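Read off the chains here:
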Amino acid sequence: MGTSYQTLLVAAALGPVCDALAVAGVDAIALPAAPDRTAVIPREGDLDFADPGDLAERIGAGTGWATLANVVEDSDWLQLEAYREGRFVHRYRSDRPAPDDAARLAPFGTGEVDTTRLGRALRGEFDGTGPVYAEFQHRLILNALHLDPRGLTTAYRWADPGDLPGAVRVAP
């Protein structure tokens, strides 16, 4: 059995994101992923699953923020779902990347995002050898977007806010 987790990237600063999570009654850990980018680790429910797409819709619709739902399933595949103002706009799946994935996901990054590097990461291309696990590929993608992967690549059940710089626990 491999690694599974669900997280959310919000294109907004930590303080306002924590406020929005509290208003929405979400139990989560939030921390900075980059300037004006916040990682949200929602508490899992049944079967150790949190629905980041539902959270992306709820948080984005109420605030107008862009959000990116992240799901890694059993180390086998990665899915990223992009939302604008709570509306679904794009889905990336590591087992079937599309030619426009890099262009559609680059706005979630910070600084100068190299879309060629991002495209290679999205296709699972890297300079190493051996199998590429979904969580490793996710880190490559987040690094290409200039995002700190720590808050976006762990499950709530494993997260220790003391080990995550700048982490804030939000509880309903």
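Computed from a predicted model, the values in this text were never measured in an experiment.

Draft legend 1. Fine view of the side chain of Ser4. Following the sequence through the fold, Ser4 ends up in the segment before β1 (5–10). Owing to a relative accessible area of 12%, Ser4 belongs among the buried residues under this scheme. Engagement of the side chain of Ser4 in a polar contact is seen with the backbone nitrogen of Asp74, the distance being 2.7 Å. If sequence neighbours within four positions are ignored, Ser4 has contacts with Val72, Glu73, Asp74, Ala155, Arg157 and Trp158.

Draft legend 2. Looking closely at the packing of helix α4 (residues 115–122) against helix α5 (residues 134–144). Across the interface, α4 lies against α5 with an axial gap of 8 Å and an inter-helix angle of 170 degrees. Classified by the angle their axes make, α4 and α5 are roughly antiparallel. Residue-level inspection shows Arg117, Leu118, Ala121 and Leu122 of α4 in contact with α5, the latter providing Gln137, Leu140, Ile141, Asn143 and Ala144. Its residues assigned to classes, the contact of α4 with α5 comprises six nonpolar, two polar and one charged.

Draft legend 3. Representation of the side chain of Gln6 in the model. Structurally, Gln6 is set in strand β1. In terms of polar contacts, Gln6 uses its side chain to reach the backbone amide nitrogen of Ala50, at 2.9 Å.

Draft legend 4. Representation of the nonpolar core within the structure. Leu105, Leu118 and Ile141 are the most contacted members of the largest nonpolar core, which has 34 residues in total. Elements that contribute at least two residues to this core include exactly β1, β2 (28–34), β3 (37–42), β4 (66–73), β5 (77–84), α3 (101–105), α4 and α5. Residues contacting Leu105, with those up to four places away along its chain left out, are Leu68, Leu80, Ala82, His90, Tyr92, Leu118, Leu122 and Leu145. The next biggest cluster of nonpolar side chains, apart from the first, holds 19 residues, and it includes Ala28, Ile59, Ala69 and Val170.

Draft legend 5. How the structure looks around helix α2 (residues 52–63). The end-to-end C-alpha distance of α2, which contains twelve residues, comes to 16 Å, matching closely the 16 Å that a straight helix rising 1.5 Å per residue would cover. For α2, every residue scored as buried is listed here: Pro52, Gly53, Leu55, Ala56, Ile59 and Gly60. Projected onto a plane normal to the axis of α2, the buried residues spread over an arc of 155 degrees and lie on a single side. Along α2, the residues that are exposed and aim more than 90 degrees away from the buried face are Ala61 and Gly62. Those residues of α2 that are buried are in contact with β1, α1 (14–24), β3, β4 and β5. Sitting at the amino-terminal end of α2 is Asp51, which places a side-chain oxygen 3.0 Å from the backbone nitrogen of Gly53.

Draft legend 6. α5, seen in detail. All buried positions along α5 are accounted for by Ala134, Gln137, His138, Ile141, Leu142 and Ala144. Angularly, the buried residues of α5 cover 160 degrees about the axis, an arc narrow enough to put them on a single face. On its buried face, α5 sits against β1, β4, β5, β6 (87–93) and α4. Count one or two residues on from α5 and you reach His146, which has phi positive near 65 degrees.

Conventions adopted
- Residues numbered from 1 in each chain as written.
- Predicted model: local features only at pLDDT ≥ 70, side-chain atom pairs only at ≥ 80, totals over all residues.
- Heavy atoms only, no water.
- Helix = DSSP H or I, 4+ residues; strand = E, 2+ residues; numbered from the N terminus.
- Buried < 20%, exposed > 50% of the residue type's maximum accessible area, 1.4 Å probe, protein only.
- Polar contact = N/O pair within 3.5 Å; in protein donor to acceptor, adjacent residues only side chain to side chain.
- Contact = heavy atoms within 4.5 Å.
- Axes fitted to C-alpha atoms, helices over the stretch in contact; angles between N-to-C directions.
- Parallel < 35°, antiparallel > 145°, perpendicular 65-115°, else oblique.
- Nonpolar A, V, L, I, M, F, W, Y, C, P; charged D, E, K, R; others polar.
- Core = buried A, V, L, I, M, F, W, Y, C linked by side-chain atoms within 4.5 Å.
- Expected span 1.5 Å × (residues − 1).
- Arc of directions from axis to C-beta.

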